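Examination of the molecular architecture
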Amino acid sequence: MADYAVASYLKDLESQFTIPKDKLKEMTLIFKNELEIGLTKIDGMLKDLPTFVYNLPDGSEVGKFLTADLGGTNLRIGLVELLGSGEFKIKKDSVMIPEALKCGSGRGIFSFVAENIEKFLEHPEIEAELPLKLGFTFSFPVKQESLAHGQILGWSKEIEARDVIGQDVVGLLQQSLHSRNLDIAVEALINDTVGTLLAQIYRDPRTKMSVILGTGSNAAYVEKSCNITKISHQEPSELTVINIEWGSFGDTKSEYNPNISNLLPSTKYDLELDFESKNSGKQRFEKMISGMYLGEIFRLIIVEMIQLGLIHKSEHFEAMKINRPYSIKTKEMSNFHEIFLSKNYEKCEEISRTKFGVSGAKSEVLSKICELISLRSCHLCAVGITSVHRHLLNSGDLSKDHLFSVALDGALYQKYPNYSKILQNLVCEMENVEKDEVCRVVLVMAEDLSSIGAAAAIAAAQKKQITN
Ligand code: GLC
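Residues numbered from 1 in each chain as written. Predicted model: local features only at pLDDT ≥ 70, side-chain atom pairs only at ≥ 80, totals over all residues. Heavy atoms only, no water.

W246, I385 and L423 are the most contacted members of the largest nonpolar core, which totals 89 residues. With 14 residues, the single largest contributor to this core is helix 13 (residues 363-394). With 37 residues, the next largest nonpolar core counts V113, L121, L134 and L189 among its residues. (Core = buried A, V, L, I, M, F, W, Y, C linked by side-chain atoms within 4.5 Å. Buried < 20%, exposed > 50% of the residue type's maximum accessible area, 1.4 Å probe, protein only. Helix = DSSP H or I, 4+ residues; strand = E, 2+ residues; numbered from the N terminus.)

What follows is the structure, given as structure tokens:
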């Protein structure tokens, strides 16, 4: 196939994946407004879930806590020691969540968590610390009723475990712990965004927001309690934390602007990915941003290029099952892109043949596709961060000269080549920062901190009880 056919295909892809500036502005405005609607209504496009975290840590908290952190890919069990002055120590074990559990019974997942807590307690030095209180980071949407209770609203990140929707997460874990005769009290239930935010506040009280860019994507921020008018009871503290669940942005029509039918700049690849996914029609913003999905978008493009005769199947195509959804992971795409940027073109050729199952594909063509997909993810994330910042400026909670420090975590942010740098630049660009001005929005890496946040949530709540 002639080079010009590939060039014209790439050009077309570029126009599909590039979000025009006006569209970014429109999305930012609508996101901000939907964020505000979510604080007043329970059925908004953005869930804006109240977290019942009423005591933000101040860095002085101390104590030892057991933590369990269930994400979309891994389960981490830890012993966290808060040392005060924003310092901590952690000892942790990590295990991958078996694929079979992700589409089995929901109770199986909680039993898996309890089983791994039991194993962790077998370390003699951990057992010696018992009894310990447990902070549970559960990275799925939950409607909380208190700090240690909340109903599962649904799964995301291609998990669809049965039978537990609407049930109390803590009750399910507590039952599984009791059936193993483990006398452990779950004292806090938090989302991973909330854990990351609390941990970073523990280290630096100026932190106002957190974003996860991992298997899934979501954000949390500190809100004035009086702005959350959708809950009937009086919040007992001036500030609390909102789990936005931003993955659902664009899933329904904008209440603020119902005439916009295509809020998200979805391509045919996004539509196909969504159609084939386990939660079709849901989490469509997340599906354009997060690590669970970027590799799959890349795969859909590769398969199309093969069908069009622009590239060819290599001898590894069948073995690597490239025709199967999710057979190319974002990690592999990221690795390829990194190797390309380091100019090791020979290695790139090898990866395209052995991992992506294609031959005759120029490395610069594949790397351009990686760039388009990851850059669009960065732009959409920047829309979310800028919207939250605008909301806080608008509601008078933050002044323009204040530093807006955002804690970020997740493998995409940590490992995708240049992602963190590009995102910081895009955010400053969207803030209209002039050349000689300082950008007030500062993104900070908060690596693997959500368990620390779970411990800080318990410690801060305890401290409050003592001082009362
Ligand atoms: C998904 C979950 C959300 C979580 C995010 C990051 O979007 O719904 O609760 O915070 O993934 O893990």
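Attention now moves to the packing of aromatic side chains. Under the defined criterion, the tally for this structure stands at 16 aromatic pairs. Each residue in the set F110, F136, F138, F140 and W155 is aromatic and connected to the rest through ring pairs, giving one cluster. When the ring centre of F140 is taken as reference, the NZ or CZ atom of K157 above it lies at 4.6 Å. (Phe/Tyr/Trp six-rings, centres within 6.5 Å; stacked < 30°, edge-to-face > 60°. Lys NZ or Arg CZ within 6 Å of the ring centre and 35° of its normal.)

The subject of this paragraph is helix 12 (residues 345-354). One turn of an α-helix holds 3.6 residues; hence residues three or four places apart share an orientation. Those residues of helix 12 not exposed but buried are C348, I351 and S352. The arc that holds every buried residue of helix 12, seen down its axis, measures 100°, which confines them to one face. Looking at the buried side of helix 12, the elements it contacts are helix 11 (330-341), strand 13 (358-359) and helix 13. (Arc of directions from axis to C-beta. Contact = heavy atoms within 4.5 Å.)

Neighbouring the ligand are 15 residues; K157, N191, D192, E245 and E286 lie closest to it. Measuring from an oxygen atom of the ligand, one finds a side-chain N or O atom of S156 at 2.9 Å. Burial of the ligand by the protein amounts to 98% of the accessible area it has alone, namely 310 Å². Sorting the residues of the shell around the ligand by element identifies helix 7 (192-203) and strand 10 (217-224) as the ones contributing at least two each. The residue makeup of the shell around the ligand, split by class, is three nonpolar, eight polar and four charged. (Near = heavy atom within 4 Å. Polar contact = N/O pair within 3.5 Å; in protein donor to acceptor, adjacent residues only side chain to side chain. Areas by Shrake-Rupley, 256 points an atom, 1.4 Å probe, with all protein chains shown as cover. Nonpolar A, V, L, I, M, F, W, Y, C, P; charged D, E, K, R; others polar.)

Further remarks concern the packing of helix 4 (residues 106-121) against helix 6 (residues 169-179). At a minimum axis separation of 8 Å, helix 4 and helix 6 run at an interaxial angle of 55°. Taken together, the axes of helix 4 and helix 6 are oblique relative to one another. Regarding helix 4 and helix 6, the two cross each other, and that crossing is right-handed. Seen from helix 4, the contacting residues are R107, F110, S111, V113, A114 and I117; seen from helix 6, they are V169, L172, L173, Q175, S176 and L177. Its residues placed into classes, the contact of helix 4 with helix 6 shows eight nonpolar, three polar and one charged. (Axes fitted to C-alpha atoms, helices over the stretch in contact; angles between N-to-C directions. Parallel < 35°, antiparallel > 145°, perpendicular 65-115°, else oblique. Left-handed = near helix turned anticlockwise from the far one by under 90°.)

Before going further, it helps to examine the pairing of strand 2 (residues 62-70). In this structure, strand 2 lies alongside strand 3 (residues 74-84), joined through nine bridges in antiparallel fashion. Each residue of the ladder has a partner; that of D69, found in strand 3, is R76. Once strand 2 ends, the chain turns through three residues before running back antiparallel as strand 3. Strand direction decides the pairing type here: strand 2 and strand 5 (residues 133-138), joined by five bridges, are parallel. By the bridge assignment, L70 is partnered in strand 5 with F138. (Pairing = 2+ DSSP bridges.)

Across the sheet, which stays open at both edges, the five strands sit in the order 4-3-2-5-8 with mixed pairing between neighbours. A single partner strand is all that each edge strand has here, and the edge strands are strand 4 (87-96) and strand 8 (185-190). Each neighbouring strand pair of the sheet contributes to a mean axis angle of 20°, computed without reference to strand direction. Lying over the sheet, helix 4 contacts strand 2, strand 3, strand 4 and strand 5, oriented at roughly 50° with respect to strand 3.

L130 connects to P131 through a cis peptide bond whose omega is 0°. With respect to the element layout, P131 can be found in the loop between helix 5 (124-127) and strand 5. Unusually for a residue other than glycine, N181 sits at a positive phi of about 60°. Tracing the sequence through the fold places N181 in the loop between helix 6 and strand 8. Under the relative-accessibility criterion, N181 is labelled exposed at 71%. You will see that N418, though not glycine, has its phi angle at about 70°, which is positive. Positionally, N418 belongs in the loop between helix 14 (411-415) and helix 15 (419-430).

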